[in-house]
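Summary of the model geometry
Chain residues, written in single-letter form:
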Amino acid sequence: MEVLKKKERNNPGKKYFPRKKIIIATTIFAIAAFIMISPQLYKHSLILGNDMMFHFNRFYEAYMQIKTGDFNYFQSIFGFDQSGRIVNALYGPDFAYLQGLLMILTKNWFRYQLLSSFLCFFIAGIAMFSLTRKAKLSYKSSIFISLLYMSSSMVSYYALSQNMTSWGAAFIPFIYIPAIRAIQDPQKPIKSIELALAVTSVGFLHNLTLFIGILSSAPFYIIGFFRANHKGKMIKDFFIAVLLTILLNINTLIGFAEVYLTNQLVYPNFFEDVLSYTTYFDIGDNTYSSLGLIFSCVMLFQIFYLFINWKSVSLLERLLTIVGAIFLLLSTNFLPWEDISQYTNMVQIIQFPRRFTVVAYVFLLIAFAFTLEKGIRNLGNKREKMVYPVLCMISFLMIANVNLKVLQSAEAWETDDPTAAGNNGVWTTTDDPDELRQGFTSGQYEDVFEVIKKPTPDYLSLLNGTTQEELEEQGGYNMYDEQVVNNELRVSKTIDNHNNLVLTWESNGNEEETLPAVIYSISQINFNGNHYTSEQISKTTLGAPIVQSESGTNQFTISYEPLVNITLLLVIKFFTIGVLAIFTFVKGVRKFRNVRNQNRE
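Here we summarise the structure given alongside this text. Only a predicted model underlies this, so the values are computations on that prediction, with no experimental measurement involved.

To continue, consider the overall build of the chain. Assigned secondary structure in the chain consists of 23 helices and eight strands. Dimensions along the principal axes, computed over C-alpha positions, put the chain at roughly 90 × 55 × 50 Å. Within the chain, buried positions represent 54% of all 601 residues. Long-range contacts, defined here as pairs at least 24 residues apart, represent 76% of the contacts in the chain between residues at least 6 apart. Surface accessibility of the chain: about 27200 Å² in total, with carbon and sulfur atoms responsible for 59%. Separation of charge centres in the chain, based on 49 positive and 48 negative side chains, amounts to 27 Å.

Structure, rendered in structure tokens:
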């Protein structure tokens, strides 16, 4: 305690939480996360949300590559019906392999979904708590705000719908820690390693959330630059951080750029009724589109409070509120999104304007906590004791609301339509609910892909001059279903010694066949012993190869030869991680020794 008091005297503006309090906060977040997912545990139910099959395929691919040792960074050689399509290289490859490790640990879909959802909630709480500590909020306010954030729809919809935006929301508070430093510390506004790790923590799982995080952080660094005591050093530290970030994400960046620059890819499904996918204020529950009563009141109160009390509000509070309000506005139906979508492709990339709300949840909640603390200080000790029970009650109600939503979704598992919690029903291969449930509970991960075959065409190569709009008019899901997922040609799919996809089939003669796989612009082909480039092979609109079969056994091998060696990129990445780990360890030891020497004095 003497050390703690000494630190507080030397740094009166900084709030230190003793280790005991941090352990208590971590325990509270773990309990809250457990409460929110507990209906699934008690009912022993899976929740089959909208995005479940797409991400289950991604993670299964990583799981099988780890399990078998057959690594193929670009091609899907196990998941997605062994089609050879590129997904993980474009969509958080590092995170996919981490989820694959989680699958190895849990051994079945039920335990995997439970643990994965728990971690999403828990990490969101830890990340928000870390950010509130950086913002110098009080301990009780930090816990309250973190619990509210954990229970927000931005986080909870991973458990309810397997939406990856929720994982982005769980990590995005980390990206704002160095942004707040830029405002608080004119002497050293940027710590290169801290900034690089913060950006990497989001970039390794969701590109769009990273883009939103960087965009919303920019005002902090711009103002921080004008306030910096040593502008040249800030610029230097910034570019060091950029270099470290590139090195830490070099496999993701190069892989993503290579595939996008050498192919025209299918964007995720674009919905013309954009206003249906915006955020709106409401006095009901907090859902993916509705802020609900609590969050509507908190956010609007903070926005109005800022403009009424402008002069008495700090620069950090102003920034948090203004940037949060701007992104809240971008997410709502107050903007003519349907008109905007006619003039720019940005909406197709964003897909759902409500994704901007994640910034509002983080910034406006923290700004509200500042306002709340001012109000509590003005109340006096006796009235203060009445405020915190109210905050606890609000937190509990929000957590209980998520618990109820998870329960309602979990109950669908035992009905005649186990897919009722999502939109996978149309793609089931059986009408027997028991058979469908067996596909998820057999203990074999791959069985799920036999009972639900959802033909999502995202990130396939778009060929033959077809536009995204034309593909949607022709029915991209149905085209991919006919050409690949439920192709009538009986093909055996195996993996060769070089971890390439091999298709083998029998033919009675010289017949034109569409193979249930996809190839890209720099794919390399070996067909019946002859080598071909991708350009020499006829392809459907979605990249399925069209060949003339020979009489007897036919063999078609697909390999993907990247322009840049992925092994080299991974060596650079892990070498950078090793150097940073050693540097951080040495720095930590020196800091520990200095503190110990000061205590002795």
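Along the chain, Thr209 falls in helix H10 (residues 207–227). Classification of Thr209 as buried rests on a relative accessible area of 4%. Those residues in contact with Thr209, other than ones at most four positions away along the chain, are Thr165, Gly168, Ala169, Ile172 and Val202.

With seven bridges connecting them, strand S2 (residues 501–507) and strand S8 (residues 552–560) associate as antiparallel partners. Paired with Glu506 across the strands is Thr553, a residue of S8. Note: strand S4 (residues 523–527) against S8, five bridges, orientation antiparallel. Looking at the pairing, Gln524 lines up with Ser559 of S8.

Moving on: empty space enclosed by the protein. To locate leftover empty space, one rolls a probe as large as a water molecule over the atoms. This model, assessed by the stated rule, comprises four cavities of 30 Å³ or more. Here the largest cavity is characterised by a volume of approximately 50 Å³. Forming the walls of the largest cavity are Glu61, Gln65, Asn72, Tyr73, Phe74, Gln75, Ser76, Val87, Asn88 and Tyr97. Each residue belonging to the lining of the largest cavity can be placed in one class, and the counts come to four nonpolar, five polar and one charged. Its boundaries defined by the atoms lining it, the second largest cavity holds a volume of some 40 Å³. Lining the second largest cavity are Ser151, Ser153, Ser156, Tyr157, Leu160, Asn286, Met398, Asn401, Val402 and Lys405. Secondary structure elements with two or more residues in the lining of the second largest cavity: helix H7 (153–161) and helix H18 (381–411). The class makeup of the residues in the lining of the second largest cavity is four nonpolar, five polar and one charged.

Another aspect to go through is the pattern of salt bridges. If you walk through the whole model with that rule in mind, you get nine salt bridges. The salt bridge partner of Asp237 is Lys233, with a shortest N-O separation of 3.0 Å. Placement of both Asp237 and Lys233 in helix H11 (residues 231–248) is noted, with a separation of four residues, approximately one turn of the helix. The class for Lys233 is partly exposed, based on a relative accessible area of 38%.

For the pair helix H3 (residues 52–68) and helix H4 (residues 93–106), the least separation of the axes is 7 Å and the interaxial angle reads 70°. Relative to H4, the element H3 lies roughly perpendicular. The two elements H3 and H4 meet at a crossing, and its hand is right-handed. Contacts between H3 and H4 pair Arg58, Phe59, Tyr60, Ala62, Tyr63, Gln65 and Ile66 from the former with Phe95, Ala96, Tyr97, Gln99, Gly100, Leu101, Met103 and Ile104 from the latter.

The biggest cluster of nonpolar side chains holds 172 residues, and the ones touching the most others in it are Trp109, Tyr149, Phe440 and Phe556. With residues up to four places along the chain from it excluded, the contact list for Tyr149 reads Ala124, Met128, Val155, Ala169, Ile172, Pro173, Val358, Tyr361, Val362 and Leu365.

Right, let's talk about the pairing of strand S7 (residues 545–549) for a bit. Of the two faces of S7, the one holding Pro545, Val547 and Ser549 is buried and the one holding Ile546 and Gln548 is not buried anywhere. Relative to S7, strand S3 (residues 511–514) is paired through four bridges, and the arrangement is antiparallel. Directly across from Glu511, in S7, lies its bridge partner Ser549. Bridge count between strand S6 (residues 538–539) and S7: two bridges; the pairing is antiparallel. Residue pairing for S7: Ser538 is matched across the bridge by Ile546. Linking two consecutive strands that pair antiparallel, namely S6 and S7, is a turn of five residues; a positive phi of about 90° is found at Gly543 within it.

Conventions we followed
Residues numbered from 1 in each chain as written. Predicted model: local features only at pLDDT ≥ 70, side-chain atom pairs only at ≥ 80, totals over all residues. Heavy atoms only, no water. Helix = DSSP H or I, 4+ residues; strand = E, 2+ residues; numbered from the N terminus. Buried < 20%, exposed > 50% of the residue type's maximum accessible area, 1.4 Å probe, protein only. Contact = heavy atoms within 4.5 Å. Areas by Shrake-Rupley, 256 points an atom, 1.4 Å probe, with all protein chains shown as cover. Lys, Arg positive; Asp, Glu negative; His and termini not counted. Charge placed at Lys NZ, Arg CZ, Asp CG, Glu CD. Pairing = 2+ DSSP bridges. 1 Å grid on protein atoms, 1.4 Å probe; cavity = no way out; pocket = protein on both sides within 12 Å on 5 of 7 lines; lining within 4 Å. Points joined across faces, edges and corners; volume = space filled by probe spheres on them. Nonpolar A, V, L, I, M, F, W, Y, C, P; charged D, E, K, R; others polar. Salt bridge = Lys/Arg side-chain N within 4 Å of Asp/Glu carboxyl O. Axes fitted to C-alpha atoms, helices over the stretch in contact; angles between N-to-C directions. Parallel < 35°, antiparallel > 145°, perpendicular 65-115°, else oblique. Left-handed = near helix turned anticlockwise from the far one by under 90°. Core = buried A, V, L, I, M, F, W, Y, C linked by side-chain atoms within 4.5 Å.

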